Every structure is written in C-alpha cells, then in structure tokens.
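Observations on the three-dimensional arrangement
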Number of protein chains: 2
Amino acid sequence: MRFAKGHGTGNDFVVLPDFDGELDLTPELARALCDRHFGIGADGVLRVVRSDAVAGDADGQAAEWFMDYYNADGSLAEMCGNGIRVFVRYLIEEGLAAGPAVAVATRAGLRTVRAEADGQFTVDMGPVAVLGEGAAEAGGQLLVGLAISVGNPHLACVVDQPVEAVDLSCPRVLGSAGLADGVNVEVVRVVGEREITMRVHERGSGLTLSCGTGAVAAAVAAAWSAGERPGEWLARPWAVQVPGGRLAVALGATASLLSGPAEIVARGRIEDGWLARQRDPAEVGSG
Amino acid sequence: MRFAKGHGTGNDFVVLPDFDGELDLTPELARALCDRHFGIGADGVLRVVRSDAVAGDADGQAAEWFMDYYNADGSLAEMCGNGIRVFVRYLIEEGLAAGPAVAVATRAGLRTVRAEADGQFTVDMGPVAVLGEGAAEAGGQLLVGLAISVGNPHLACVVDQPVEAVDLSCPRVLGSAGLADGVNVEVVRVVGEREITMRVHERGSGLTLSCGTGAVAAAVAAAWSAGERPGEWLARPWAVQVPGGRLAVALGATASLLSGPAEIVARGRIEDGWLARQRDPAEVGSG
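Bear in mind that the values here come from a model prediction, so they are computed numbers and not experimental data.

Per the counting criterion, the structure on display carries 4 aromatic pairs over all chains. Their ring planes at 70° and their centres at 6.1 Å tell us that F13(A) and Y69(A) sit as a pair that is edge-to-face. Pair noted here: F13(A) is in strand β2 (residues 11–17) and Y69(A) is in strand β4 (residues 65–71), with a separation of 56 residues, a long-range link. Each member of the pair F13(A) and Y69(A) is classed as buried. Summarising the aromatic geometry, the rings of F19(A) and W65(A) are spaced 5.4 Å apart at their centres and angled 70° between planes, so their arrangement reads as edge-to-face. Residue F19(A) is located in the loop between β2 and α1 (27–34), and its partner W65(A) is located in strand β4; the two are separated by 46 residues in the primary sequence. Among the residues examined, F19(A) registers a relative accessible area of 21% and is labelled partly exposed. According to the relative accessible area criterion, W65(A) is buried, its value standing at 2%. The positively charged end of R107(B) is found above the aromatic ring belonging to Y70(B), 5.8 Å away from the centroid.

Turning to the interface of chain B and chain A, a few remarks are in order. By a widespread convention, an interface's size corresponds to the accessible area lost as its parts come together. Taken together, the 42 residues of chain B in the interface contact 40 residues of chain A. Here chain B and chain A share 2 salt bridges between them. Across the pair E271(B) and R267(A) runs a salt bridge whose closest N-O atoms are separated by 2.8 Å. Breaking the side of chain B that touches chain A down by element, the ones donating at least two residues are β1 (2–8), α2 (83–93), β12 (184–192) and β18 (263–270) of chain B. At 8 residues, β18(B) tops the list of elements feeding residues into the side of chain B that touches chain A. Residue classes in the side of chain B that touches chain A are distributed as 14 nonpolar, 13 polar and 15 charged.

Here we come to the domain arrangement of chain A. Residue and element names in this part refer to chain A. Along its sequence, chain A is organised into domain 1 (2–125 + 263–283) and domain 2 (129–254). Using only C-alpha atoms to locate each centre, domain 1 and domain 2 end up separated by 26 Å. Across the contact, 7 residues belong to domain 1 and 11 residues belong to domain 2. In total, domain 1 and domain 2 occlude about 580 Å² of area from one another, counting both sides; carbon and sulfur atoms represent 60% of this. Ranking the residues of domain 1 by area buried against domain 2 places T9, N82 and M125 at the top, with a combined share of 70%.

With that settled, the discussion passes to the confidence of the model for chain A. All names here are of chain A. For chain A, per-residue confidence averages 92 on the pLDDT scale, and residues scoring 70 or more make up 95% of the total. Below pLDDT 50 for its whole length, residues 280–287 participates in 15 contacts with residues either more than four positions away or in separate chains. Interface confidence in the predicted complex, given as ipTM, is 0.89; pTM for the same model is 0.90.

A word on the environment of A217(B). All names here are of chain B. Following the sequence through the fold, A217 ends up in helix α3 (residues 212–225). Between the C-alpha atom of A217 and that of F66, which follows or precedes it by 151 residues, the distance is 26 Å. Excluding residues that lie within four positions of it along the chain, A217 makes contacts with I148, V150, H154, A156 and E186.

Cut-off values and rules
- Residues numbered from 1 in each chain as written.
- Chains lettered and ligands numbered in written order.
- Predicted model: local features only at pLDDT ≥ 70, side-chain atom pairs only at ≥ 80, totals over all residues.
- Heavy atoms only, no water.
- Phe/Tyr/Trp six-rings, centres within 6.5 Å; stacked < 30°, edge-to-face > 60°.
- Helix = DSSP H or I, 4+ residues; strand = E, 2+ residues; numbered from the N terminus.
- Buried < 20%, exposed > 50% of the residue type's maximum accessible area, 1.4 Å probe, protein only.
- Lys NZ or Arg CZ within 6 Å of the ring centre and 35° of its normal.
- Contact = heavy atoms within 4.5 Å.
- Salt bridge = Lys/Arg side-chain N within 4 Å of Asp/Glu carboxyl O.
- Nonpolar A, V, L, I, M, F, W, Y, C, P; charged D, E, K, R; others polar.
- Domains from an automatic or database assignment.
- Buried area = accessible area lost by both parts, 1.4 Å probe.
- pLDDT = per-residue confidence, 0-100.

As structure tokens, this is what we get:
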C-alpha cells in the first residue's frame, strides 16, 4: 500500500493513492493509519480516488478526482481547507492533474483549488453566513463573538489580549447563538493592518495547530469588528496567523478564498501485513 | 533521504539508514523528523551507521553497526530496550545483519539482541541494582516502592489496585531514595502467576505507552515483593503488560533479558528540500 504524508500549516494527513477504488478503507484501517505510535500518524486520511470509482458521493460533480476524507477516529469527513491543499499538491506533483486550477469532488460538493505562482494554494471555501452574536465562557473569562457558518459552525471572538492568554482548553458556548450542537470556538486578535492572530478549539479535536474554516470565521469576525458587513466585505485579504503557520483569507459576497501552504513530507510504502499485526485494542490499557 | 518508521510496543522511531555516516544529523533535523505534525513523527530517531564511521561512540565495541539514538527533542540518548529491537529487526530485514544474534554498539556499550523463532526480539539489558526502598506521592496517594537502577533510575511501586486507578500524571518522589535527579516512576500490579501490569511516568516524557527499562524495573519490584532477592532471582520470566503491548522480562544475576515485539510500519523517502521548507519555529504560537 503506497502512501504519502503531508500537512497544511501543521494539520497533517496520510494520503492514500487508490485511483480505481480498489482499497477497502474501513474505519479500522483509517484509525490504524492515523495512530501516531502504531501507524503512520495523522489528523486524517485523504484517499485519492477517481470520481467514477466511488458510488454516490461524487455524483454530479464535474471533477476527475474525489477527496475521500476520514478523520483520525475513522469517521467520514466532508471538507477540510488544509487537507484539500495537500490533496491538490499531491495530484499535481504526481502528474494526476495539470493545474493551476484543479476541481476536486468532495462530500461537501465541488471545490476548486488554484496552485499559485508563489507555491501557495488557494481554496474556494464557499459562502459564509453570519448567524448573529454569541458568547462563550473560557477559563472563567467571558468571550463575546460572532456565530458564523462556514459550512460548519463557529463562534469567533475578537479579543484585546494575546490569544495565548485565553484558556481555550474547554470553552463552553452560552445559549444557542443560532448554532447547532457542537461548535468550533476561535479567539482572534487584530495585530496589524488586515492582520490577525487566532487560536481555535475544534469540536471533537480540542486545540489544534490550524483550522481552515476557523481561519475564514476569524477573518469574518475581524472584518465585522472593523465595520464591514456581509455582502460588502472589502476584497483585500486578511493575513491569519494560526499556531501552525500563516494563512490568508479573502472574503467575498458569494465565496471566501483561503490561501496557504501545502507540504508533502514523505512518500513510501506501508509494510505488507502491517494491519493484521496491529495490536488488539482490547489489550491496551487493560489490567 | 530514506527512512523507515517502526515501533516496539508503541514506542516509535524514525529509522535512518546512513551506513557510511554521511548524514549531518543535527538536533534540529532530529526534532523536525520527530515532529508529529510537520515531520514523520516519532519518539526518537535511530540512525543506522557502521561503527567504523562514527568517531568515539563505538570505540572498542565489537559490532559492525552503531545505534545512533536521538530523543524527539534532539538530545542524544544512550540505549532504549524498545528502540534496539526495532533497530535489529531493520538490520535483519534489510540484509545488513544475519541474526539470530546481533551485536549492536550503543552509547551505553555493546548490547546483543536475539531474533526469536516466534518473531519476538530479546535484548540483554545489562545488570540491575536495587538501591533501597523509596516513596512517591501521586494524585494525593502515597506510593511505596523500590529504587532500582537499570542503567537509569526507577522507582517501581507495587500496588493493590488497577494500575489505571493511580493518577500518574505528575508523581513526586519523596526523599532521595538513593536516586539521582529525575527518576522514572512505575506502578505495578501482580495480576497472575508471574504476570504483572504496569504504567510508567518517564522523566522528561510523562506517561508513555512503553518503557523497556521500566518493564525490567517493574519485574524486579514484583520479584522482590514475592520474596526473591538480587542474585537469587528465579529464572522464570515475568509477563509485563504495558499500555502499548506485552513484554517479558527474565531477571538474572548478571543481566536481565527483555523480550518483546518490533514492527516496521512503513518505508519511504523524505522529500528533497523538506527540512529547508520547515516552519520557522519563531512563527509558531506568536501573536
């Protein structure tokens, strides 16, 4: 089984080339690959498969390649602004797509990624919606912010202190704030002209090095705090410093664009029979 | 740059073949390789290099291969009972050593590893010394145990409760107990006939999935609690269940033997220029 390991601002992935959909990528296999001690280790798995070779998920999407994306816990995932940059870099480097613009089918619908001349990759993240104001409690501190949907729900809170100073280990959203169950919480600080720093607590994952949709939500909150409103966003991009690196977000009336790096760290082969030799989970922690 | 990733009971390593010592393995490179999001990810790096090609470290050791071992923080390490099993499995699989017994030069001196017929690997861990009784406080609980040297210092405490029930996140050793600064603390429970479970807090690393010298110390504490004394250990091995799997320890008058699995998960190549493209650490977490 061939693989590559890559990351976008520290959000890392095992890339599995499986062009004709012959691999039985079970939740168990995804979990084992993502295990950082017993497997390769990653936040998720990106299976590279032709849209024609998957049933249902890529229907009606005019893209040769489907990003079959699994979380580290083996569950299916829809879209990831960091993962899709790695996915497209891999396609281009392997000669599977020509670029600079590459259409990718995802469970969240068709996305287009552009390879920039400076080595960055720009992703169309789709439209954003401001749902209203909201609040959260974090480490005894009240955070007031904006409830935002970037496909998934966010509460992005502009603060007037270093973002590291907020205890974001276990934020608790107060009231519903127009948000469905489970929400990503960002703290955002404006540190310069259209320049922000942010930290993010991702639902299900806790504090992470980077979150693509979170970077978009952070830019929306910063723009809102500067007096801009949906439909009237200024086109000039926001530089967004996340713990794992630097992203840029340009807000638009119908779509937001996320730019950032994508790295392939290594390529190789997983040992034959490795999965069968995996530890029995029942053994772990027993006794 | 070629690499392999392997583990012994969840203690995982990047293996770097560098037979003639041409690689400039700086602390920065070791750290970058071990970074679990931006690199390959591991607890340490095992460079495979001929003893002849290293100056000093392998002097006077009658072994063709030297295990050049680095911790994830880039510091040099001496010996690792889990790492050396992975190292020898790699040597044998690559045809670099014949087996079943393979001599390996290490910073702690020459060690011999035997590939067993059942796929396990047995390591001569050298002599152990019981230094005296000692105690620690862990999560408000008093732990009484034995101070033991297995090359490095341990306080192994036999308890009469499930080992998971002890809060071993931040144990504090009480008094010196004949131990130098920094000590590994084990909780050990006898669960059957010469069968124990253990958890370990490693100095500098916290709770880990496995610790080879810790497994030896745990077996010593269990044997002591059964009335055996140094120099009069019973030869019959102890089965030691660690969070990452199963080990076996046979105590002897002049040496202790550690047996356990070693897995190679994957082999591959690191991308050219990857290190130069690594994030600037100064960027991370700023703002």
